[in-house]
Amino acid sequence: MSEFQAFAVEQYLSETEHGVHYNFSESGVHPMSYAELIELADIDQEALLANLVDYPQVNGDEALRERIAALYSNANADNVLVTVGATEANTLVAATLLEPGDNVIRFSPTYEQLAGNAHNLGFEVRTVDMLEARGWAIDAQGLEAAVDQQTRIIHVVNPNNPTGRILSEADRDLITAAAKSVGAWIVADEVYCGTERHCDEPTPSFWGDYGRVIAINSMSKAYGLPGLRLGWLVAPESLIPALWRRHEYASITASMMSMKLACAALAPAARDAITARARGLIRRGFETLREGLKVHGGVYSVVPPEASAMSFVRFNLPLSSDELAARLLAEEGVLVIPGSRFGVEQHFRFSSALPDDHLREGLARINNLTGRILSKV
Ligand SMILES: Cc1ncc(COP(=O)(O)O)c(C=O)c1O
């Protein structure tokens, strides 16, 4: 059995983020309060509070699964399994699909939830790079070389964490062709769908592109509701029972209250209001970040994210990403995620979909430390 691999990004977050004032390590938009959610989604509080604190339907409340299915073409409630966040969905998929001898393809940098699970279950994980010099496009030759008859899953995070890149049509086609050539599953983690910076059309799902697709999503990122711990997967109906059986072991079910709140938030009018809030924060926040990074010319650069609240910022300073992140935390109370946690040096991940004053103060602090580092070079 291969050695246990910790989830580098999540370990860093859970060990550092508690109590940090200037927290730029998140990946979703600034969370909303329950009161804001109730108002935006026009929720009847009395009806909500009348619900029993009981186990809900284990695979997901019927009304919620119908709302989720309506977000996908040619899906119905029976294609949907509601999970405890996208986290559980990624975990169930690895445990359900993989059989001895299989390998998994992942793109790097990425959020390693599915790949890490596959590794810890003893499966080979093959890495295909995404190339910063080409705006984080995938390395087509690398993909061709990595895929073989034992490839069971091609795991894609689209839009990507940490780069915010949306796959081009050409890259999508390459991935689908590669999967089709060996009958592999495309497992598409689409939690940043709906966070686009340049258009109001959500990034199209992989669902429907090909028969062997599992699409994963959640309320955590584009909806700003991570504390609901409510996610889902959409899969061919024939695969749902096997995933559901593992879900009974993993968590039994998401909570009743989260299902009710998610169902209200996914009603068309509520969803429009919530995504408009997210897009406003994302679009304003990135422009503020872009300005803030210009203060020390030549030090910071970024391939502008096409979606998500995150930017994967490159820095040109004589210290490692761990050292820079540690100094930001210790000297300025600012938390970012060092690129090392994604296997990429001289970068950090920074979330800018935050209230304006807070964001500006955090950027000023980063620039203060940058000035001190430069004065000693
Ligand atoms: C790509 C991706 N998938 C899944 C998750 C976890 O999502 P959830 O909160 O729905 O479990 C994250 C969280 O950062 C993520 O970035």
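Keep in mind it's a predicted model, so treat the numbers as computed, not measured. (Residues numbered from 1 in each chain as written. Predicted model: local features only at pLDDT ≥ 70, side-chain atom pairs only at ≥ 80, totals over all residues. Heavy atoms only, no water.)

Bringing the packing of helix α12 (residues 321-332) against helix α13 (residues 356-375) into the picture now. Across the interface, α12 lies against α13 with an axial gap of 10 Å and an inter-helix angle of 115°. The orientation of α12 with respect to α13, classified from their angle, is roughly perpendicular. Considering how the two elements wind past one another, α12 and α13 form a crossing that is right-handed. Only Arg365, Ile366, Asn368, Leu369, Arg372 and Ile373 of α13 make contact with α12, whose side of the interface consists of Leu324, Arg327, Leu328, Glu331 and Glu332. Partitioning the contact of α12 with α13 into residue classes produces 5 nonpolar, 1 polar and 5 charged. (Axes fitted to C-alpha atoms, helices over the stretch in contact; angles between N-to-C directions. Helix = DSSP H or I, 4+ residues; strand = E, 2+ residues; numbered from the N terminus. Parallel < 35°, antiparallel > 145°, perpendicular 65-115°, else oblique. Left-handed = near helix turned anticlockwise from the far one by under 90°. Contact = heavy atoms within 4.5 Å. Nonpolar A, V, L, I, M, F, W, Y, C, P; charged D, E, K, R; others polar.)

Tracing the backbone shows Ser73 in the loop between α4 (62-69) and β2 (80-83). Taking C-alpha positions, Ser73 is 6.9 Å from Gly208, a pair spaced 135 residues apart along the chain.

Once that is clear, we can look at the sheet that holds strand β6 (residues 151-157). The strand order β2-β9-β8-β7-β6-β3-β4-β5 describes an open sheet built from 8 strands, whose pairing is mixed. Only two strands of the sheet have a single partner each, and these edge strands are β2 and β5 (137-138). In terms of strand pairing, strand β3 (residues 103-108) meets strand β4 (residues 124-131) through 6 bridges, oriented parallel. Paired with Phe107 across the two strands is Val128, which belongs to β4. (Pairing = 2+ DSSP bridges.)

Another aspect to go through is the nonpolar core. Counting 89 residues, the largest nonpolar core has Ile175, Met219, Leu230 and Phe350 as its most contacted members. In terms of residue count, helix α10 (residues 256-265) provides more of this core than any other element does, 6 residues in total. Both of domain 1 (8-33 + 271-375) and domain 2 (44-267) provide at least three residues apiece to this core. With residues up to four places along the chain from it excluded, the contact list for Leu230 reads Leu64, Val82, Thr83, Gly85, Ser218, Met219, Ala254, Ser258, Met259 and Ala262. (Core = buried A, V, L, I, M, F, W, Y, C linked by side-chain atoms within 4.5 Å. Buried < 20%, exposed > 50% of the residue type's maximum accessible area, 1.4 Å probe, protein only. Domains from an automatic or database assignment.)

What follows covers the site of the ligand. Contacts to the ligand come from 15 residues, most closely from Thr87, Asp189, Tyr192, Ser218 and Ser220. In the model, an oxygen atom of the ligand is placed 2.5 Å from a nitrogen or oxygen of the Tyr192 side chain. Ser220 places a polar side-chain atom, nitrogen or oxygen, 2.7 Å from an oxygen atom of the ligand. The element contributing the most residues to the shell around the ligand is helix α5 (residues 85-97), with 3 residues. A class-by-class count of the residues in the shell around the ligand yields 5 nonpolar, 7 polar and 3 charged. (Near = heavy atom within 4 Å. Polar contact = N/O pair within 3.5 Å; in protein donor to acceptor, adjacent residues only side chain to side chain.)

Looking now at the pattern of salt bridges. One pass over the full model with this rule turns up 22 salt bridges. A salt bridge links Lys260 to Asp61; its shortest N-O distance comes to 3.7 Å. Of this pair, Lys260 sits in helix α10 while Asp61 sits in the loop between α3 (45-49) and α4, and the two are 199 residues apart along the sequence. Among the residues examined, Lys260 registers a relative accessible area of 27% and is labelled partly exposed. Among the residues examined, Asp61 registers a relative accessible area of 17% and is labelled buried. A salt bridge links Arg245 to Glu248; the nearest nitrogen and oxygen atoms lie 2.7 Å apart. Linking Arg245 with Glu248, this pair stays in helix α9 (residues 240-250), spanning 3 residues, or about one helical turn. Each of Arg327, Glu331, Glu332, Glu361, Arg365 and Arg372 takes part in salt bridges that share partners, so that together they form one network. (Salt bridge = Lys/Arg side-chain N within 4 Å of Asp/Glu carboxyl O.)

Next up on the list: the sheet that holds strand β10 (residues 300-302). On the basis of which strands lie adjacent, the open sheet formed by 4 strands has the order β10-β11-β14-β13 and antiparallel pairing. The sheet is open, and its two borders are formed by β10 and β13 (337-338), each paired with just one other strand. In this structure, β10 lies alongside strand β11 (residues 310-315), joined through 3 bridges in antiparallel fashion. Bridge pairing in β11 links Val302 to Val313.

Right, let's get into α12. Between its first and last C-alpha atoms α12 spans 16 Å; for 12 residues at 1.5 Å apiece the expected length is 16 Å, and the two agree. One or two residues past the end of α12 sits Gly333, with phi positive at roughly 65°. (Expected span 1.5 Å × (residues − 1).)

As recorded in UniProt, the feature "domain: Aminotransferase class I/classII large" (unreviewed entry) lies at residues 54-366. This span, residues 54-366, is 38% helix and 19% strand, and a straight line between its end C-alpha atoms measures 47 Å. (UniProt positions renumbered as here; feature names shortened; annotations may be inferred.)

Attention now goes to the pairing of strand β8 (residues 213-218). Of all the 6 residues making up β8, 6 are buried; the element is thus mostly covered by neighbouring parts of the structure. Side chains of β8 alternate between two faces, with Val213, Ala215 and Asn217 and Ile214, Ile216 and Ser218 buried alike. Where strand β7 (residues 185-189) meets β8, 4 bridges bridge the pair, whose relative direction is parallel. Across the sheet, Ala188 pairs through a bridge with Ala215, a residue of β8. Here 4 bridges tie β8 to strand β9 (residues 231-234), and the two strands are oriented antiparallel to one another. Bridge assignment links Asn217 to a residue of β9, and that residue is Trp232.

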